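# A closer look at the structure
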Amino acid sequence: MVEILVIMAAGMLIGYLLRRKKALFPILDRIVMAVIFLLLFVLGISVGLNETVVSSIHMIGIKAVVLTSGAVFGSVLCCALAYRFFFADTFAHAASESADREVPHEG
């Protein structure tokens, strides 16, 4: 665990020192994407080698769909409640102000 924190801190320090080098950003973006793809590939290999996971993949898939659906539904519900209780008056007020202003029509 300490190794992970040290590596993360070293990366943050290097990133902080290189933040003004804008030419490096596209290169670093490509490197990051390549490493992410490599990690996903290796993760896929380790999952494929695990017989327990492979034999119960149908049940894992069903649980994943249920969990994902619940997460999406909960997020939409929370956003709707936040909008209603915190932002609805602000948007209604802005809409009424813009409707009060007349826009001249060109004819």
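Residues numbered from 1 in each chain as written. Predicted model: local features only at pLDDT ≥ 70, side-chain atom pairs only at ≥ 80, totals over all residues. Heavy atoms only, no water.

If you tally the helices and strands in the protein chain, you get 4 helices and 0 strands. Ordering the α and β elements of the protein chain from the N terminus gives α-α-α-α. Taking all 107 residues of the protein chain together, the buried fraction comes to 0%. Surface summary for the protein chain: the accessible area is close to 10,100 Å², and the carbon and sulfur share equals 75%. (Helix = DSSP H or I, 4+ residues; strand = E, 2+ residues; numbered from the N terminus. Buried < 20%, exposed > 50% of the residue type's maximum accessible area, 1.4 Å probe, protein only. Areas by Shrake-Rupley, 256 points an atom, 1.4 Å probe, with all protein chains shown as cover.)

This part covers the packing of aromatic side chains. Evaluated as defined, the whole model comprises 0 aromatic pairs. Above the face of the tyrosine 16 ring, arginine 19 is positioned so that its terminal group lies 3.9 Å from the ring centre. The ring centre of phenylalanine 85 lies 5.9 Å from the NZ or CZ of arginine 84, which sits over that ring. (Phe/Tyr/Trp six-rings, centres within 6.5 Å; stacked < 30°, edge-to-face > 60°. Lys NZ or Arg CZ within 6 Å of the ring centre and 35° of its normal.)

Residues annotated by UniProt as "transmembrane region" (unreviewed entry) correspond here to residues 27-48 and 60-83. Overall, residues 27-48 shows 100% helix and 0% strand. The separation of its end C-alpha atoms is 32 Å. Between the C-alpha atoms that bound residues 60-83 the distance is 34 Å, and the span itself is 100% helix and 0% strand. (UniProt positions renumbered as here; feature names shortened; annotations may be inferred.)

Turning our eyes to something else, we now look at helix α1 (residues 2-17). The end-to-end C-alpha separation of α1 is 23 Å, in line with the 22 Å expected for 16 residues at 1.5 Å each. The element α1 is largely exposed, with a buried count of 0 among its 16 residues. (Expected span 1.5 Å × (residues − 1).)

Moving on to a nonpolar patch on the surface. Taken together, Leu13, Ile14, Tyr16, Leu17, Leu18, Leu24, Phe25, Ile27, Leu28, Ile31, Val35 and Leu39 make up a surface patch of nonpolar side chains, about 1,100 Å² in accessible area. For the nonpolar patch, the secondary-structure elements that each account for two or more residues are α1 and α2 (24-49). For the nonpolar patch, the element with the most residues is α2, which contributes 7 residues. Relative to the helices and strands, valine 35 is located in helix α2. (Patch = residues over 30% accessible without salt bridge, like charges linked within 9 Å, V, L, I, M, F, W, Y side chains within 5 Å. Salt bridge = Lys/Arg side-chain N within 4 Å of Asp/Glu carboxyl O.)

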